[in-house]
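Chain residues, written in single-letter form:
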Amino acid sequence: MSAKKTEEEISNLSVGLAPMEGVTDFATRLWIAQNGAPDFTTTPFLRVTKDYPSKRISANFLPEIQLSKEHGIVPCIPQLMASSEDDLIRIAGHFLEKVGFIDINCGCPSPTVVGHGAGSSLLQNPDRFSEYLERIISACGAGKISVKMRLGFHHENEFARLLEILRNLPLARLTVHGRTRADRYTGSARWSFIGEAARRLPYPVFGSGDVVSASSLQTRYKDAPQVAGVIIGRGALRDPWIFARLRDPSLRVGKEEFRLRLIQFIVLQEVQALAAETLPELAGGGIFAFPSESERRNLREFILKQLNAVFCKVPSMANFNPEDPAQWTLGRASLARGKMLWNYLRSGLGVAPELTTRILRAPTWVGFIEALDDIVVQLPEDDVGLTHRPEWDWVYAGAGHTGQAAERE
Ligand SMILES: Cc1cc2nc3c(=O)[nH]c(=O)nc-3n(C[C@H](O)[C@H](O)[C@H](O)COP(=O)(O)O)c2cc1C
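Residue positions within a chain follow its written sequence, with the count starting from 1. The predicted origin of the model limits local features to residues at a pLDDT of at least 70 and limits the giving and counting of side-chain atom pairs to 80 or more, whereas totals for whole chains, interfaces and linings rest on all residues. Hydrogens and waters are ignored; side-chain quantities use all the structure's heavy atoms.

(A) Here's a closer look at the sheet that holds strand E8 (residues 229-232). By this definition, two strands are paired if DSSP reports at least two bridges between them. Strands are runs of DSSP state E lasting at least 2 residues, helices are runs of H or I lasting at least 4, and numbering of each runs from the N terminus. One open sheet accounts for eight strands, arranged E1-E8-E7-E6-E5-E4-E3-E2; its pairing is parallel. Each edge of the open sheet carries a strand with a single partner, namely strand E1 (14-17) and strand E2 (41-47). Sheet twist, expressed as the mean angle between neighbouring strand axes with direction ignored, is 25°. In terms of strand pairing, E2 meets strand E3 (residues 76-81) through five bridges, oriented parallel. The residue bridging Thr 41 from the neighbouring strand is Cys 76, located in E3. Here, two residues are considered to be in contact whenever any of their heavy atoms come within 4.5 Å of each other. The axes are straight lines fitted to the C-alpha atoms, using for helices just the contacting stretch, and the angles between their N-to-C directions are given from 0 to 180°. Against the sheet, helix H3 (residues 85-96) engages E2, E3 and strand E4 (102-106), with an angle of about 170° to E3.

(B) Spotlight on the domain arrangement of the protein. Here the protein is partitioned into domain 1 (3-247) and domain 2 (255-385). Summarising the inter-unit geometry, the C-alpha centres of domain 1 and domain 2 are found 29 Å apart. Contacts between the two partners involve 24 residues from domain 1 and, on the opposite side, 27 residues from domain 2. Buried area: the sum, over both parts, of the accessible surface (1.4 Å probe) that disappears when the two are put together. Roughly 2100 Å² is buried in total at the junction of domain 1 and domain 2, and carbon and sulfur atoms are behind 62% of that figure. Any carboxyl oxygen of Asp or Glu within 4 Å of a side-chain nitrogen of Lys or Arg constitutes a salt bridge here. Linking domain 1 with domain 2 are one salt bridge. For Arg 337, the salt bridge identified is with Asp 25, shortest N-O distance 3.1 Å. Distance and chemistry together define a polar contact, namely a pair of N or O atoms within 3.5 Å, with one atom able to donate a hydrogen and the other to accept it when in protein, and with adjacent residues in sequence counting only for side-chain atoms on both sides. Counting across the domain 1 and domain 2 interface gives nine residue pairs in polar contact (both at pLDDT 80 or more). Counting only elements with at least two residues in the side of domain 1 that touches domain 2, the list comes to helix H2 (26-36) and helix H9 (234-238). Where each domain begins and ends is defined by an automated method or by a domain database.

(C) Examining helix H5 (residues 126-140) more closely. Taking 1.5 Å per residue, 15 residues should reach 21 Å; H5 reaches 21 Å between its end C-alpha atoms and fits that length. Each residue gets one of three labels from its accessible area relative to the maximum for its type: buried under 20%, exposed over 50%, partly exposed in between, using a 1.4 Å probe on protein chains only. All of the buried residues in H5 are Phe 129, Ser 130, Tyr 132, Leu 133, Ile 136, Ile 137 and Cys 140. Seen from one end, H5 has its buried residues packed into an arc of 165°, which puts them on one side. Turned more than 90 degrees from where H5 packs its buried face, Asp 127 and Ser 138 sit exposed. The N-cap of H5, judged by a side-chain oxygen 3.0 Å from the amide nitrogen of Asp 127 a few residues on, is Asn 125. Gly 141 sits one or two residues past H5 and shows a positive phi near 110°. What a helix should span is 1.5 Å times the count of its residues minus one. In this description, one arc is meant: the one made by directions from the helix axis to the C-beta atoms.

Here it is in structure tokens:
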């Protein structure tokens, strides 16, 4: 296959934001959609048990269904996880009135989830896997369910049998994370297995695992050229602009934009924490829409205008002045969310670790912004240079600050 042809095919792939429990809440999806504009996003899993969600699903779980594309919203796929088919079917019905299909999590490696017979536990017993999916599909309908799974529970040689089962099911799509449950997040994702699924299955197959740049996408694609698309998880936390960068490799993110977008993330989190119900309405009103070209030329003005417009709607923040860090007395939850994002972003920046840690230790917003400004000063003016730096991979590997990551899926 010629390099030119491959390039063209890759540019036609559908590229979405991977589901990430504890990370990709509505405010974060909105923010990533603004920056990188993926083709679609996915909710983190909604854990469905007998009693949960009892009466109503959180308003923040999938507000995208009320909003349109003009508002910077991209289509979002809801993901559910359950050990009982009946529980899953009960909740799936609620979403299927509004979305084309729902995704079922068959990949979560967490010991708690596996202990309850959900997530990747379903891969352990092919008969159970088959019965589980057949029952859900017969209740929800052909083409109404997609599955996200790993290569197997203990070993990748379990995959062939699972594919046999999947071949006979009328799924909307299959997403394969090219690792086993035993791997958790160690080693590299094996894309040749994803390629095998894409060759053999009669519906679209999406690949997941270790896409961190245009060149890594090219390498993975060579092993799985039949995929319909890919999803990006950790790569989008390191570089939230990655989706736009894959479309336009010359994309640059200047330090002013970087700083303001990070502040905007915090604002979105605060609005979500203080008055979650206003977030869809504000987004629906276009407040967070992707800036036009002329707005992008004066991004700073644009974001300040946005912030003021947002805070007028939140009574306790009506007099907030985003230019004055002394006023950043925001809630602890938003501070924690900002630190979480920073922990991921710093792995793409290549700044000395001691400097980046100051932000994580900041006791207040003032400290956070001050420490951020000290770093931003040192970044190149035109492009902060977010890129995959393998020496920082430990941030995602289940050690240190984000220790839960490895257990979360
Ligand atoms: C913090 C974190 C949370 C995750 N949560 C979910 C989840 O809720 N549902 C799911 O199917 N996968 C989840 N995953 C797995 C990702 O969707 C993805 O398949 C995996 O991280 C490999 O892709 P990547 O190398 O692009 O990150 C999670 C991964 C991480 C790092």
